[in-house]
Amino acid sequence: FVDVRDVALAHLRAIQLPEAANQRFILYNERVLLRDVFGWLSKLNERGAKVPTKLAEGEDSMAGDLIDNSRSKAVLRIEYTPMEKTMTDHAEQLLAAGGL
C-alpha cells in the first residue's frame with residue numbers, strides 16, 4: 001500500500017529532480033494486514049461507522065515486506081505517510097460524506 005498523496009508527490013519529484021530523470025520507481029510504503037486496518041478503523045465505530053472487529057480464524061500467509069522501496073526514498077526523497085494515517089484519513093473522509 002501507498003498513500004495517494006505520496007504518489008502525487010513522487011510524480012512531482014520525478015519531474016523536478018534531475019537525478020530522477022529516465023528512472024522507474026517502486027512506490028510502496030508497507031505491507032498492511034486486514035487485522036491492522038480493522039484495528040485502526042474500529043475506533044470510528046463509536047461515531048457510526050460499521051467496521052468489523054472480528055476476523056475469521058487463521059494465520060497470515062506471509063510476514064514482512066518483500067518490496068524494496070529504498071530507491072524511491074533516496075532519489076525522490078520521499079518519507080511515506082504511515083499507513084494508519086492513510087487509512088484513518090480516508091475513513092474520516094468517507095464518514096463525513098455518509099459513506100461509511
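Owing to the predicted nature of the structure, the values given are computational and were not obtained by experimental measurement.

A. Inspection of the overall build of the protein chain at higher detail. What the protein chain contains, in helices and strands, is four helices and zero strands. Sequence-ordered secondary structure for the protein chain, helices as α and strands as β, is α-α-α-α. Taking 13 Å as the expected radius of gyration for a compact globule of 100 residues, we find that the protein chain reaches 17 Å, considerably beyond that expectation. Each principal axis of the C-alpha atoms in the protein chain carries an extent, and together these give about 50 × 35 × 15 Å. The burial tally for the protein chain puts 28% of its 100 residues in the buried class. As presented, the protein chain carries roughly 7200 Å² of accessible surface, and 55% of it is formed by carbon and sulfur atoms. Within the protein chain, one finds 13 positive and 15 negative side-chain charges whose respective centroids are separated by 4 Å.

B. Layout of the nonpolar core. One finds V32, V37, F38, W40, L41, L44, A49, V51, M83, M87, A91 and L95 forming the largest nonpolar core, which totals twelve residues. Taken together, the elements giving at least two residues each to this core come down to α2 (34-41) and α4 (83-96).

C. Quick peek at the pattern of salt bridges. With the rule as written, the count across this model stands at five salt bridges. With a closest N to O distance of 2.6 Å, R5 and D3 form a salt bridge. Residue D3 is classed as buried on the basis of its relative accessible area of 2%. Three or more residues are tied together by salt bridges with common partners; here these are D3, R5, K85 and D89.

Parameters and conventions
- Per-chain numbering applies: the sequence of each chain, read as written, is numbered from 1 onward.
- Per-residue local features are limited, in this predicted model, to residues with pLDDT of at least 70; the limit for side-chain atom pairs, both in listing and counting, is 80 or more; totals at the level of whole chains, interfaces and linings are taken over all residues.
- Think of the side-chain values as coming from all heavy atoms in the structure, minus any hydrogens and water.
- In this description a helix means any DSSP run of H or I spanning at least four residues, a strand means any run of E spanning at least two, and both kinds are numbered starting from the N terminus.
- In this description the radius of gyration comes from C-alpha coordinates, and the expected globular size is given by 2.2 Å times residues to the power 0.38.
- Residue burial is assigned from relative accessible area. The probe radius is 1.4 Å, only protein chains are included, and a residue is buried under 20% of its type maximum, exposed over 50%, and partly exposed in between.
- Computed with the Shrake-Rupley method and a 1.4 Å probe, the accessible areas treat only the protein chains shown as cover for residues.
- Under the counting rule used here, the positive set is Lys and Arg, the negative set is Asp and Glu, and His together with the chain ends is not counted.
- Charged groups are reduced to one reference atom each: NZ for lysine, CZ for arginine, CG for aspartic acid, CD for glutamic acid.
- Among the buried residues, those of types Ala, Val, Leu, Ile, Met, Phe, Trp, Tyr and Cys that are joined through side-chain atoms within 4.5 Å form a nonpolar core.
- A side-chain nitrogen of Lys or Arg and a carboxyl oxygen of Asp or Glu constitute a salt bridge if their distance falls within 4 Å.

Keep in mind that these numbers describe shape and distance, not what the molecule does.
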